[in-house]
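Survey of secondary and tertiary structure
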Amino acid sequence: IPRPRNAFMIFRGENLELLKANTGINKPTQMDISREAGKLWRALGPEGQEEYHARAQQEKEEHARKYPGYFYKP
């Protein structure tokens, strides 16, 4: 069962193409993309991140309804 995404993962997934273009690298690796995502995430500030935190909470609640009793075990 996949875990629900957190706010940063939602942000990164929605902005993937923008992030690839912003790296300035022809074939960026996932590490390059994540580094750029972190910069943009911090630049959003708390107000900009609020929407993503709310959506992450919704995903968490939906996950709990869909999989009651789920407990993450790595």
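Residues numbered from 1 in each chain as written. Predicted model: local features only at pLDDT ≥ 70, side-chain atom pairs only at ≥ 80, totals over all residues. Heavy atoms only, no water.

Re the UniProt feature "DNA-binding region" (unreviewed entry) in the protein chain
- Per the UniProt record, "DNA-binding region" (unreviewed entry) is found at residues 1-71.
- This span, residues 1-71, is 73% helix and 0% strand, and a straight line between its end C-alpha atoms measures 10 Å. (UniProt positions renumbered as here; feature names shortened; annotations may be inferred. Helix = DSSP H or I, 4+ residues; strand = E, 2+ residues; numbered from the N terminus.)

Some remarks on the packing of aromatic side chains
- Scanning the entire structure with this criterion turns up 4 aromatic pairs.
- Between F11 and W41, the aromatic rings sit 5.3 Å apart at their centres with planes inclined by 55°, giving tilted as the arrangement. Of this pair, F11 sits in helix α1 (residues 7-14) while W41 sits in helix α3 (residues 30-66), placing them 30 residues apart in sequence. We note that F11, like W41, is buried. (Phe/Tyr/Trp six-rings, centres within 6.5 Å; stacked < 30°, edge-to-face > 60°. Buried < 20%, exposed > 50% of the residue type's maximum accessible area, 1.4 Å probe, protein only.)

Re the pattern of salt bridges
- Under the counting rule described, the total for this entry stands at 6 salt bridges.
- In this structure, D32 and R35 form a salt bridge, with 3.3 Å as the shortest nitrogen-oxygen distance. One end of the pair, D32, and the other, R35, are both in helix α3, 3 residues apart, so they sit about a helical turn from each other.
- Among the salt bridges present, the one from R55 reaches E51, with a minimum N-O distance of 3.2 Å. Remark: E51 and R55 occur in helix α3; sequence separation between them is 4 residues, near one turn of the helix.
- Judged by relative accessible area, which is 26%, R55 ranks as partly exposed.
- A single salt-bridge network, built from bridges that share partners, covers E14, E51 and R55. (Salt bridge = Lys/Arg side-chain N within 4 Å of Asp/Glu carboxyl O.)

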